[in-house]
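Observations on the three-dimensional arrangement
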Amino acid sequence: MSLHLLKLCVGCDSIADLEEWIAARRAESVRLGRPHEQAHITRMVPKRGDEIAGAGSLYWVIRGQIACRQPVQAIRPFTDGEGVGRCRLVLDPAVTPVEPRPCRPFQGWRYLAPKDAPRDISRAAAGDLAAMPETMRRELASLGLL
């Protein structure tokens, strides 16, 4: 059974901001002639990482709502240049919007059981919801209409 992570996407105001940041990091890698690997660095290593890597996703909280997810491909613990243990979450660069759901702020990351994870927004499953601008989805969700 898979397990997911939930994390605040600090500095992003929208899914588009996150996608732009990912594209900029990829372009920087290309410019420097380095292979690109989409990753997020955290301080702590998930103890249940074997349930996440290859099967789970990192769900991003943007502006107080669970907004999107990226599949976790691998979890790689490492020690940084200052001798501090860290963890690299290797992510699929594709960002999948999910049904917006309010989420209170927290520090670090949290485990998210599959039964508690919001559903993906896809044209096949949600009709016009996927085509709706993110700001409109966010507003409708805050009003309890989505």
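Further up the page is the structure itself.
Keep in mind that this is a model prediction, so the values were computed, not measured. (Residues numbered from 1 in each chain as written. Predicted model: local features only at pLDDT ≥ 70, side-chain atom pairs only at ≥ 80, totals over all residues. Heavy atoms only, no water.)

**Topic: the overall build of the chain**
Scanning the chain for helices and strands turns up four helices and seven strands. Secondary structure of the chain in N-to-C order comes out as β-α-β-α-β-β-β-β-β-α-α. When burial is assessed residue by residue, the chain has 38% of its 146 residues classed as buried. For the chain, contacts bridging at least 24 residues in sequence account for 65% of all contacts bridging at least 6. (Helix = DSSP H or I, 4+ residues; strand = E, 2+ residues; numbered from the N terminus. Buried < 20%, exposed > 50% of the residue type's maximum accessible area, 1.4 Å probe, protein only. Contact = heavy atoms within 4.5 Å.)

**Thoughts on the pattern of salt bridges**
This model, assessed by the stated rule, comprises eight salt bridges. Residue Arg76 is joined to Glu37 by a salt bridge in which the shortest nitrogen-to-oxygen separation is 2.8 Å. Of the two residues, Arg76 sits in strand S4 (residues 65-79) while Glu37 sits in the loop between helix H1 (15-31) and strand S2 (39-42), which places them 39 residues apart along the sequence. Asp120 is the salt-bridge partner of Arg69, the closest N and O atoms lying 2.8 Å from each other. Note that Arg69 is positioned in strand S4 and Asp120 in the loop between strand S7 (109-112) and helix H3 (123-126), a separation of 51 residues in sequence. (Salt bridge = Lys/Arg side-chain N within 4 Å of Asp/Glu carboxyl O.)

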